[in-house]
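Geometric and topological summary
One letter stands for each residue in the lines below.
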Amino acid sequence: MYKPYANHVNLIMSRAPMSDAPSPAPAAPAAAGPFRIHAVAEMTGIPEPTLRAWERRYGIPAPERTASGYRLYSLEEVEQVRAMRTACDGGMSAAEAARWVREQAAQGGASDGKAVVPGSDPFESAQATLLDAIERFDEEALEACLRQMMFMGHSTTVFDQIVSPTLREVGIRWHEGEMSIAQEHFATQRLGKFTRDLMQLASSSNAASKVVLGAFADDEHEVGLLGLGLRLSTWGFRPIFLGAKTPPGAIRNAVESVAPGLVALSVTLTPERARARELIDDYANACGDVPWLVGGAGVRPIAKLIEEHGGLVDPGEPVALRAIIREAIDASRKPNPKKGKK
Ligand code: B12
């Protein structure tokens, strides 16, 4: 049982510290605050960058600022930091601890030490576990979590509720300089493989049609494409996942080798006009008579260009998407099912 608020003012942390916290944490001074960040770091043993990261990620604590932007922590906020630390030392992830501290604060604090550890949302908890494992390059913890995830619901639920938000968060942290490119690669490789395995499990070997999936040639973003592949496999298609940065030549090669019913391309970074024209032209040629579909966050500005080249654009809604795909594949098969090369 965690007792984060027990004896709160004079709480001296006696458990093993978090990995990024110096040990041991010194006792709090008697002052009533407000405190500047370096004082809070000293009082709680939580380093300044971690205090800033907790504030940015979880809004805990949320100190006031002076006119010149310096953080000023109240005594209550110092206690929140201590509670966070105690909960983390006791095995909670930082995200879980933050939510719990927030709940306790909303209820006026649990000073009698009888606070119950929250029954956390299993999807959020899995996300937090994955993120912790990724941050520490902890392959064992990552694998253990992935194994559990296999039993947490339908494959698309597991993807939408755990894999996608985790990869998205890794991307955000990478963009903000809080995660290294190595951690991003570690996450993308392992969670990408997990999702491709789910695709394999969901799709049957005698699936109606193969769908080749690739991201635009200059684009490293592939999370949306992974989600699409999984969805397609649950719809009875067999995805052939080529992944990020797939040039037109690779699409041509796949079209010639596997005779898919559809090519699905993802674009997140909208290419500038000339490059877009060149790529779309090349993709259209590479697909030949095979219908091709483009989606992703960067598709809208080039939708017209795609349609002018005979491509389809994601309608942005799953039921309509499924219907468009079905219709396109059926229409291309009617004249000659063997067609699909140029
Ligand atoms: C994760 C991420 C990354 C990861 C990608 C890892 C990976 N393996 O995918 C990494 C860290 C590598 C990365 C790199 C970069 N990124 Co980035 N990244 C993101 C981030 C955080 C999340 C994107 C994501 O995964 N979304 C979740 C998925 C599920 O959503 P989605 O892709 O839109 O997909 C949905 C639909 O669009 C649809 N869909 C997607 N594809 C398809 C295809 C078809 C056929 C269909 C039907 C549907 C469909 O399905 C999904 C279901 O809803 C966004 C910011 C954000 N908050 O969104 C920035 C963001 C996309 N990145 C951005 C940028 C600028 C970059 C970099 C250029 C940064 C840099 N300075 O190097 C590089 C790009 C390198 C490159 N050449 O591509 C910008 C793009 C701005 C713009 N519009 O031009 C964003 C918006 C961040 C920002 N605010 O500035 N990034």
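Below: a short report on this structure. (Residues numbered from 1 in each chain as written. Predicted model: local features only at pLDDT ≥ 70, side-chain atom pairs only at ≥ 80, totals over all residues.)

We now examine the nonpolar core. Among the nonpolar cores identified, the biggest contains 84 residues, and Met84, Ala97 and Val263 are the most heavily contacted of them. Among the elements that take part in this core, helix α8 (residues 181-202) stands out by supplying 7 residues, more than any other. (Core = buried A, V, L, I, M, F, W, Y, C linked by C-beta atoms within 7 Å. Buried ≥ 20, exposed ≤ 12 C-beta atoms within 10 Å, placed from the backbone. Helix = DSSP H or I, 4+ residues; strand = E, 2+ residues; numbered from the N terminus.)

With respect to the element layout, Pro248 can be found in helix α10 (residues 248-258). A C-alpha to C-alpha distance of 8.4 Å links Pro248 and Asn285, two positions 37 residues apart in sequence. If we ignore the near neighbours within four places in the chain, the residues touching Pro248 are Ala217, Leu279, Asp282, Tyr283 and Ala286. (Contact = placed C-beta atoms within 7 Å.)

With that settled, consider the sheet that holds strand β3 (residues 210-215). As summarised here, the arrangement of the 5 strands in space is β4-β3-β5-β6-β7, forming an open sheet in which the pairing is parallel. Looking at which strands have only one partner, the edges of the open sheet turn out to be β4 (238-243) and β7 (312-313). (Pairing = 2+ DSSP bridges.)

Right, let's get into the packing of helix α3 (residues 75-89) against helix α4 (residues 94-106). α4 packs onto α3 with a crossing angle of 135 degrees between their chain directions and a minimal axis gap of 9 Å. Compared by their axis directions, α3 and α4 come out oblique. Taken as a pair, α3 and α4 cross one another with a handedness that is right-handed. Contacts between α3 and α4 involve Gln80, Ala83, Met84, Ala87 and Cys88 from the former and Ala94, Ala97, Ala98, Trp100, Val101, Gln104 and Ala105 from the latter. Of the residues assigned to the contact of α3 with α4, the class counts are 10 nonpolar, 2 polar and no charged. (Axes fitted to C-alpha atoms, helices over the stretch in contact; angles between N-to-C directions. Parallel < 35°, antiparallel > 145°, perpendicular 65-115°, else oblique. Left-handed = near helix turned anticlockwise from the far one by under 90°. Nonpolar A, V, L, I, M, F, W, Y, C, P; charged D, E, K, R; others polar.)

Right, let's talk about the pairing of β3 for a bit. Counting buried residues in β3 gives 5 out of 6 residues, a clear majority hidden from the surface. Between β3 and its parallel partner β4, the chain crosses via helix α9 (residues 223-234), and the hand of that crossover is right-handed. Sheet topology places β3 next to strand β5 (residues 262-266); 5 bridges connect them, and they run parallel. Considered in β5, the bridge of Val212 is made with Val263. (Right-handed = clockwise from strand over helix to strand, strands pointing away.)

Omega for the peptide link from Ile60 to Pro61 comes to -15 degrees, which places this bond in the cis form. The topology assignment puts Pro61 in the loop between α2 (48-58) and β1 (64-65). Although it is not a glycine, Phe137 adopts a positive phi angle of roughly 50 degrees. Tracing the backbone through its elements, the reader meets Phe137 in the loop between α5 (122-135) and α6 (139-149). Of the residues examined, Phe137 has 13 C-beta atoms within 10 Å and is grouped as partly exposed.

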